[in-house]
Amino acid sequence: MDHPVALITGASRGIGRALALKFGAAGYRTVLTARQQEALQETATMIEKQGGHQPLTVAVDLMDMKQIEALARQAEDAFGRVDVLVNNAGVLHLKPFLEITPDELEEMLKVNIQAVFELTRRVVPGMIERRSGSIVNIASLAGKHGFKTGTGYAATKFALRGFAQSLMLELREHDIRVITVFPGSVHTRMIGRNPHAPRSETMLQAEDVAHAVFAAVSVDSRAMMSEIDIRPSNPKRG
Ligand SMILES: NC(=O)c1ccc[n+]([C@@H]2O[C@H](COP(=O)([O-])OP(=O)(O)OC[C@H]3O[C@@H](n4cnc5c(N)ncnc54)[C@H](OP(=O)(O)O)[C@@H]3O)[C@@H](O)[C@H]2O)c1
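Each chain has its residues counted from 1, following the order in which its sequence is written. Given that the model is predicted, a residue must reach a pLDDT of at least 70 before its local features are reported, and side-chain atom pairs must reach 80 or more before they are shown or counted; all residues, however, enter totals for whole chains, interfaces and linings. To obtain the side-chain values, all non-hydrogen atoms of the structure were included, while hydrogens and water were left out.

A. Summary view of the site of the ligand. For this description, a residue counts as near a given molecule or strand if any of its non-hydrogen atoms is within 4 Å of it. What surrounds the ligand is a group of 30 residues, the closest being Arg35, Asn88, Tyr153, Val186 and Thr188. Any pair of N or O atoms that falls within 3.5 Å is considered a polar contact. Within protein, one atom must be able to donate a hydrogen and the other to accept it, and sequence-neighbouring residues count only if both atoms are side-chain atoms. Here an oxygen atom of the ligand and a backbone polar atom of Gly10 are 3.0 Å apart. Measuring from an oxygen atom of the ligand, one finds a side-chain N or O atom of Ser12 at 2.7 Å. Residue-level accessible areas treat just the shown protein chains as cover; the underlying method is Shrake-Rupley with a 1.4 Å probe. Summarising the interface, the protein chains cover 97% of the accessible area of the ligand, which totals 890 Å² for the free molecule. In DSSP terms, a helix is any run of H or I states spanning at least four residues, a strand is any run of E spanning at least two, and both are numbered starting from the N terminus. The set of elements that each furnish at least two residues to the shell around the ligand consists of helix H1 (14-25), helix H5 (151-171) and helix H6 (189-192). Under the scheme applied here, ten amino acids are nonpolar (Ala, Val, Leu, Ile, Met, Phe, Trp, Tyr, Cys and Pro), four are charged (Asp, Glu, Lys and Arg), and all others, including Gly, are polar. Residue classes in the shell around the ligand are distributed as 16 nonpolar, 10 polar and four charged.

B. Up close: the sheet that holds strand S2 (residues 29-34). Reading across from one edge, S3-S2-S1-S4-S5-S6-S7 is the order of the seven strands in this open sheet, with parallel pairing throughout. The open sheet is flanked by strand S3 (56-59) and strand S7 (227-230), the only strands paired with a single partner. Between one strand axis and the next, the sheet turns through 15 degrees on average, direction left out of account. Strand pairing is assigned whenever DSSP detects at least two bridges linking the two strands. Sheet topology places strand S6 (residues 177-183) next to S7; four bridges connect them, and they run parallel. Each bridged residue has a counterpart across the sheet, and for Thr180 the counterpart in S7 is Glu227. Here helix H2 (residues 37-49) sits on the sheet and contacts S2 and S3; the angle it forms with S3, its principal contact strand, is near 165 degrees. Fitting a line to C-alpha atoms yields each axis, with helices limited to the stretch in contact; the angle taken between N-to-C directions then spans 0 to 180 degrees. By definition, residues are in contact when any of their heavy atoms lie within 4.5 Å.

C. Spatial organisation of the pairing of S6. Within S6, seven of the seven residues are buried, which leaves the element mostly enclosed by the surrounding structure. The rule is simple: take the accessible area with a 1.4 Å probe, protein chains only, and divide by the maximum for that residue type; under 20% is buried, over 50% is exposed, in between is partly exposed. Where burial is concerned, the two faces of S6 agree: the one with Arg177, Ile179, Val181 and Pro183 and the one with Val178, Thr180 and Phe182 are both buried. Relative to S6, strand S5 (residues 134-138) is paired through five bridges, and the arrangement is parallel. The residue of S6 that forms the bridge with Val136 is Ile179. A crossover gets the label right-handed when its path from the first strand over the helix to the second runs clockwise, viewed with the strands pointing away from the viewer. With H5 bridging S5 and the parallel S6, this β-α-β connection has right-handed handedness.

D. Local environment of unusual backbone geometry. Non-glycine residue Thr149 carries a positive phi angle of around 75 degrees. Relative to the assigned elements, Thr149 resides in the loop between S5 and H5. Since its relative accessible area comes to 16%, Thr149 is described here as buried. In the Ramachandran plot, Asp175 falls in the positive-phi region, its phi being about 65 degrees despite a non-glycine side chain. Note that Asp175 resides in the loop between H5 and S6.

E. Up close: helix H3 (residues 65-79). Helices are assigned an expected span. That span is 1.5 Å times one less than the residue count. Here H3 spans 22 Å end to end across 15 residues, near enough to the 21 Å set by a 1.5 Å rise per residue. The elements touched by buried residues of H3 are strand S1 (5-9), S2, S3 and helix H4 (102-130). The residue sitting at the N-terminus of H3 and contributing the capping side-chain oxygen is Asp64; that oxygen lies 2.9 Å from the backbone nitrogen of Lys66. Positive phi appears at Gly80, one or two residues downstream of H3, with a value of about 80 degrees.

F. Inspection of the nonpolar core at higher detail. Core analysis: the biggest nonpolar cluster contains 41 residues, and Leu7, Val31, Leu119 and Ile135 have the highest contact counts within it. Put simply, the parts of the chain that give this core at least two residues each are S1, H3, H4, H5 and S6. Element by element, the count of residues in this core is highest for H4, at nine residues. Here Val31 is in contact with Val5, Ala6, Leu7, Ile8, Leu56, Val58, Leu71, Ala75 and Phe79, once residues within four sequence places are set aside. Counting 32 residues, the second-largest nonpolar core is a separate cluster that includes Leu32, Ala44, Val213 and Phe214. We define a nonpolar core as any set of buried Ala, Val, Leu, Ile, Met, Phe, Trp, Tyr and Cys residues linked to one another through side-chain atoms lying within 4.5 Å.

G. Geometry of the packing of aromatic side chains. Between rings of Phe, Tyr and Trp, where Trp is taken as its six-membered ring, a pair exists when centres lie within 6.5 Å; planes separated by under 30 degrees are stacked, by over 60 edge-to-face, and by other angles tilted. A complete count under the given rule lists four aromatic pairs for this structure. Pairing Phe23 with Tyr28 gives two aromatic rings, centres 4.8 Å apart and planes at 90 degrees, and the pair type is edge-to-face. Given a relative accessible area of 0%, Phe23 falls into the buried group. Look at Tyr28 and you get buried, because its relative accessible area is 11%. Aromatic pair Phe117 and Phe163: ring centres 5.3 Å apart, planes at 40 degrees, arrangement tilted. On the criterion of sequence distance, the pair formed by Phe117 in helix H4 and Phe163 in helix H5 is long-range, its members being 46 residues apart. Take Phe117: its relative accessible area is 40%, and that puts it in the partly exposed class. An aromatic cluster of three or more residues is present, and its members are Phe23, Tyr28 and Phe214.

If you want it as structure tokens, here you go:
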């Protein structure tokens, strides 16, 4: 297929930016979304500087379901299809259980799971029609293992895993892959700003996650890497 289309959420920084650069460098046309238009434009400029196609940037708050609908429409209008959807945007509030506020819980539930559900359901019909496509979800090892201060965050990532496993079983019959990635701690702002975040001496880099996602999407379409765990090979190495 000439220049497939990848829609990447949370592309303004961190893992989403690394994903955008990876897909952009591989000749994908990209739709980049997050709330901050300026930071999205920076990602877009980086892609163009490395010789990639000019991305479409769409500033969207994933807390707002109407904006999610508009995003899917804009991607479809601009490129006619989405071949790879990467549900990457996420929010982390790590605190002891009794300190998590209702607003923090709502934000994690909306961005980490409800928005994934809503955006995916707008992209899947076109994939079913074309009998091809990949839905990639960036979960977390916190979606498989609970930990202190993770009551809210881990709950949303466990939910994402349940969503993804069920969706995978439905969509594989339409030749659509559902790939879910479970990284340990990655060196991004999300972890850097949080005093409760787990740290190891050798943290993963955003590029490691992008590399794994790209490999899973690029393997022959007969194979599906449905779940991928990523952790430091040796957490004690300094
Ligand atoms: N870092 C880690 O250690 C780690 C480990 C495992 C899994 N993950 C997962 O990896 C994904 C990316 O994390 P990261 O480390 O790259 O985090 P990050 O640097 O904080 O980036 C988060 C991204 O999500 C976007 N976002 C947040 N709230 C949004 C909203 N309401 N509407 C639209 N976009 C929103 C942000 O953009 P704006 O602020 O511009 O809106 C930003 O682009 C997340 O799902 C996270 O849970 C991270």
